[in-house]
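Structural description and commentary
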Amino acid sequence: MAIERTFSIIKPDAVRRNLIGNILAVFEKNGLRPVALKKIKMTRAQAEGFYAVHKERPFYGELVESMMSGPVVVQVLEGENAILKNREVMGATNPANAAEGTIRKLYAVSVGENSVHGSDAPETAKEEIKFFFTDDEIVG
Ligand code: RTP
Ligand code: MG
């Protein structure tokens, strides 16, 4: 089994509702260990840059505004098959379609306020970790 690292964000809607601990508990229960973690408020440049891949999508403006609307918790999660595992634990993008026990089923309120972000592939995980963390901030 491959030990991987993935990147995760606890989004403003979840931080606002005091769910940081509950969400970290779901990660930990599923074998995902936070090896780096910080609370930040994204600048416009960070939010726009992070979601640049969605620039042409109709929801881009709304997405950027929502990610800047309050503090977030950015993390590096480590574990066996962490990238796919995290996507499973998060649940479907639209909480209406999310499976029982997933973070989005438990806590998300809508597609726009879906509580967590997670990298979707090894290459994006690497890029996203680098976007927010230096090597010496990651303690495995
Ligand atoms: P994420 O990147 O945040 O982990 O979510 P995801 O892979 O499940 O979904 P993605 O397609 O990458 O979309 C990124 C985020 O944009 C918002 N979104 N809004 N209004 C809409 O139709 C819509 N579609 C996507 C969501 O907050 C989604 O997490
Ligand atoms: Mg995505």
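Keep in mind that what you see is a predicted model, and the values were worked out from it rather than measured.

**Things to note about the site of ligand 1**
Near ligand 1, the surroundings consist of 15 residues, among which Thr93, Val111, Asn114, His117 and Gly118 are the closest. Here an oxygen atom of ligand 1 and a side-chain polar atom of Asn114 are 2.9 Å apart. The fraction of the free accessible surface of ligand 1 (560 Å²) that becomes covered by protein chains is 78%. Looking at the shell around ligand 1, the elements with two or more residues in it are α5 (82–90) and β4 (116–118). Per-element tally for the shell around ligand 1: the top contributor is β4, with three residues. Partitioning the shell around ligand 1 into residue classes produces six nonpolar, six polar and three charged.

**Observations regarding the UniProt feature "active site" (unreviewed entry) in the protein**
Taken from the UniProt record, the annotation "active site" (unreviewed entry) applies to His117. Secondary-structure assignment places His117 in strand β4. Discounting residues that sit within four places of it in the chain, His117 has contacts with Phe7, Ser8, Ile9, Lys11, Phe50, Tyr51, Met90 and Glu128.

**Considerations on the environment of Lys130**
Note on placement: Lys130 falls in helix α7 (residues 122–132). Lys130 sits 123 residues away from Phe7 along the chain, and the two C-alpha atoms are 9.4 Å apart.

**Structural notes on the sheet that holds strand β2 (residues 33–40)**
Taken together, four strands build an open sheet; the order of strands is β2-β3-β1-β4 and the sheet is antiparallel. Two strands bound the open sheet, and with one partner strand each, they are β2 and β4. The average angle at which neighbouring strand axes cross in this sheet is 20 degrees, direction not considered. Bridge count for β2 against strand β3 (residues 72–80) is seven bridges, and the pairing is antiparallel. The residue bridging Ala36 from the neighbouring strand is Val76, located in β3.

Cut-offs used in this document
By convention here, each chain's residues receive numbers from 1 onward along its written sequence. Chain letters and ligand numbers both follow the written order, the letters beginning at A and the numbers at 1. In view of the model being predicted, local features appear only for residues whose pLDDT reaches at least 70, and side-chain atom pairs are presented and counted only at 80 or more, with totals across whole chains, interfaces and linings using the full set of residues. The side-chain values count all of the structure's non-hydrogen atoms but skip hydrogen atoms and water molecules. When we say a residue is near a molecule or strand, we mean one of its heavy atoms is within 4 Å of it. Pairs of N or O atoms within 3.5 Å make up the polar contacts considered here, provided that, within protein, one atom can donate a hydrogen while the other can accept it, and that residues adjacent in sequence are counted only when both atoms are side-chain atoms. Using a 1.4 Å probe, the Shrake-Rupley method yields the accessible areas, and only the shown protein chains count as cover for residues. Strands are runs of DSSP state E lasting at least 2 residues, helices are runs of H or I lasting at least 4, and numbering of each runs from the N terminus. When residue character is reported, Ala, Val, Leu, Ile, Met, Phe, Trp, Tyr, Cys and Pro are called nonpolar, Asp, Glu, Lys and Arg charged, and the others, Gly included, polar. UniProt positions are given in the numbering used here, feature names are shortened, and annotations may be inferred rather than shown by experiment. Contact definition: two residues touch when any of their heavy atoms are within 4.5 Å. At least two bridges found by DSSP between two strands are what make those strands a pair. To obtain an axis, a line is fitted to C-alpha atoms, over the contacting stretch when the element is a helix, and the angle between two such axes runs from 0 to 180 degrees between their N-to-C directions.

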